[in-house]
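# Examining the three-dimensional arrangement
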Amino acid sequence: MSALNPFIWDRPLDDPSKIVGMEAFANEVALTLKGQTNVALFGPRDTGKTTFTNQLALELAKKQGTDAPPFDAVKVNLQRVVSIPGFIGCVHDAMTSHPVKSVRRAAQRQIGVLEKEIGFDIKVIKGSVKSALVSPAQDAETLHAQLLAVRSLSEHLVVVFDEFQRLRHCPGDPLAIIRSALMSSGANHVSLVFTGSIRNALKMMLENSEQPIFGEAAQMQLPAISRIDFLEYLDFQFEQTGKPADEDALNHLLNATRAHPRSTQQLAWECWSGTPARKPVTLDTVIEAHDRLVQTIERSEFASVLNVLMSGDEGEVNEVRALQLLADRGGENVTSRPVATRYGFSSHSRVRPALERLQGRGLVDHRDGTWYVVDPLFSEWLRRASPLADRSAPEASLD
Ligand SMILES: Nc1ncnc2c1ncn2[C@@H]1O[C@H](COP(=O)(O)OP(=O)(O)O)[C@@H](O)[C@H]1O
Ligand SMILES: [Mg+2]
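Residues numbered from 1 in each chain as written. Chains lettered and ligands numbered in written order. Predicted model: local features only at pLDDT ≥ 70, side-chain atom pairs only at ≥ 80, totals over all residues.

## Description of the overall build of the protein
The number of helices and strands found in the protein is 17 helices and seven strands. The C-alpha radius of gyration computed for the protein amounts to 23 Å, which stays within 12% of the reference 21 Å derived for 399 residues, consistent with globular compactness. Expressed as lengths along the three principal axes of its C-alpha atoms, the size of the protein is roughly 70 × 55 × 45 Å. Within the protein, the fraction of its 399 residues that count as buried is 40%. Sequence separation of 24 or more characterises 73% of the internal contacts of the protein that already satisfy a separation of 6 or more. (Helix = DSSP H or I, 4+ residues; strand = E, 2+ residues; numbered from the N terminus. Rg over C-alpha atoms; globule rule 2.2 N^0.38 Å. Buried ≥ 20, exposed ≤ 12 C-beta atoms within 10 Å, placed from the backbone. Contact = placed C-beta atoms within 7 Å.)

This is how it looks when you write it as structure tokens:
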């Protein structure tokens, strides 16, 4: 029995025994990639995209029948990339810190060859070695040569570009470079995964015929973790660590987070650490832990974003109205005229554009035709402060 907190919510998971409910989807995506189709994967942030790519790498390494041999995966994290040198730095990191030793060694060899060819140390670009400045044209060539080096790492390769939509702000045409290095005739053994938390941005890169990677990937949505899978996982983890959870406590926990991946783990963590060793986790534990977490939103970036929107133009204020409306009443009846009026919209036709802008910011999304605030703690914080919410029930009824 371990006494360590089993719940992780501040970084992607890599231990497959802690990744809930992604096996079937990883298998499906792996087979698609092995069949030489690229995949674009949408999911708002904190819903498990990066975690999923870890599960996917394990699945790719398996032999899936005779025509689907094991594949190696290289994961490039583009989260902070706003320039070609930044991109080069991330690819370098992906190569030198690859989790599989044989791939890491092959990468070291390739980097040696590459550096001889370009005539300088890649670390120059990362700024850790002093040298004269390199020109943008040289940067583009370096990135291209570096991606060719990645391509030669394995005969069966998947390259994952995590948070790919970031590249839309990167000057120097990185998509054309990716296309030329990883999607051309010499790259038939390479498939690509693009993940994106801003659905519309990623869609634009794939669906606009002027974009270099137009029409080059099957689009998929990261599936939600099923409530029952999460329930079993939480039950097991609380039990295993000597703090068994009551059934009503677990149900309340999952109602409060709607099984949102990061928030569920965070609330479970809060409950776990607030419970003494060998004591059960009760409904009260969950209610109190939830209250504490909802209060932390007050000092979070969600609150700052809201303040910025509140002091913006009419379109931005409409976004605040739409957020409040969703948090208070759920997303089934968002364009009803009386509701729109009550929230201060000049017309009910303004609700949908506001929701779409919020979706572009990654704050709301829709699934199965219903809009919702992505982060359940943010949603609850909005609802608690709302003058228009029915404060008595967690889920206000619709008009
Ligand atoms: N499959 C999963 N099972 C359980 N928890 C998950 C899963 N995927 C994500 N999480 C939780 O969500 C958090 C954020 O996951 P992450 O993969 O970083 O999301 P994203 O890349 O979409 O922002 C993780 O720290 C973990 O707590
Ligand atoms: Mg991520």
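## Concerning the environment of Glu59
Relative to the helices and strands, Glu59 is located in helix H2 (residues 49-60). Put simply, Glu59 and Glu207 are 148 residues apart on the chain and 28 Å apart in space, counted from C-alpha to C-alpha. Ignoring any residue separated from it by four or fewer positions in sequence, one finds Glu59 in contact with Ala26, Asn27 and Ala30.

## A word on helix H14 (residues 314-329)
Taking 1.5 Å of rise per residue, 16 residues should cover 22 Å, and H14 covers 22 Å from first to last C-alpha, within 8% of that figure. Every buried residue belonging to H14 is among Asn318, Glu319, Val320, Ala322, Leu323, Gln324, Leu325, Leu326, Ala327, Asp328 and Arg329, and all of these are buried. The elements touched by buried residues of H14 are helix H13 (301-310), helix H15 (337-342), helix H16 (351-360), strand S6 (364-367), strand S7 (370-373) and helix H17 (376-385). Where H14 terminates, the next one or two residues include Gly330, which has phi positive at roughly 80 degrees. (Expected span 1.5 Å × (residues − 1).)

## Details of the site of ligand 1
Lining the immediate surroundings of ligand 1 are 21 residues, of which Val20, Gly48, Thr50, Thr51 and Gln265 lie closest. Elements with a minimum of two residues in the shell around ligand 1: H2 and helix H11 (261-273). (Near = placed C-beta within 6 Å.)

## As for the pairing of strand S1 (residues 39-42)
Side chains Val39 and Leu41 project from S1 onto one buried face, and the interleaved Ala40 and Phe42 project onto a second face that is buried too. Relative to strand S4 (residues 190-196), S1 is paired through four bridges, and the arrangement is parallel. Counterpart to Phe42 in the pairing with S4 is Gly196. (Pairing = 2+ DSSP bridges.)

## Details of the domain arrangement of the protein
By the assigned domains, the protein splits into domain 1 (22-221), domain 2 (227-298) and domain 3 (300-385). One C-alpha centre belongs to domain 1, the other to domain 3; they are set 34 Å apart. Listed per partner, the contact involves six residues of domain 1 and five residues of domain 3. When its residues are assigned to classes, the side of domain 1 that touches domain 3 shows two nonpolar, two polar and two charged. (Domains from an automatic or database assignment. Nonpolar A, V, L, I, M, F, W, Y, C, P; charged D, E, K, R; others polar.)

## Description of the sheet that holds strand S5 (residues 218-221)
Paired through backbone hydrogen bonds, the strands of a sheet run either parallel or antiparallel to each other. Strands sit in the order S2-S3-S4-S1-S5 across an open sheet of five strands; the sheet is parallel. On the outer flanks of this sheet lie strand S2 (72-77) and S5, each paired with one strand and no other. Recorded for the sheet is a direction-independent mean angle of 20 degrees between the axes of neighbouring strands. With five bridges joining them, strand S3 (residues 157-162) and S4 adopt parallel strand pairing. Directly across from Leu157, in S4, lies its bridge partner Val190. Each of S1, S3, S4 and S5 touches helix H1 (residues 23-34); the most contacted strand, S1, lies at about 150 degrees to it. (Axes fitted to C-alpha atoms, helices over the stretch in contact; angles between N-to-C directions.)

## Re the pairing of S3
The buried fraction of S3 amounts to six of the six residues, a majority that puts the element mostly inside the structure. Across six bridges, S2 lies against S3 in parallel orientation. Across the sheet, the residue bridging to Asn77 is Asp162, located in S3. What joins S3 to S4 is helix H7 (residues 174-182), and the crossover it makes is right-handed. (Right-handed = clockwise from strand over helix to strand, strands pointing away.)

## Overview of the packing of helix H6 (residues 136-151) against H7
Remark: H6 packs on H7, axes separated minimally by 9 Å, with the N-to-C direction vectors making an angle of 35 degrees. As for how H6 packs across H7, the hand of that crossing is right-handed. Contacts between H6 and H7 involve Ala140, Leu143, His144, Leu147, Leu148 and Arg151 from the first element and Ile177, Ile178, Ser180, Ala181 and Leu182 from the second. Tallied by class, the residues present in the contact of H6 with H7 amount to eight nonpolar, two polar and one charged. (Left-handed = near helix turned anticlockwise from the far one by under 90°.)

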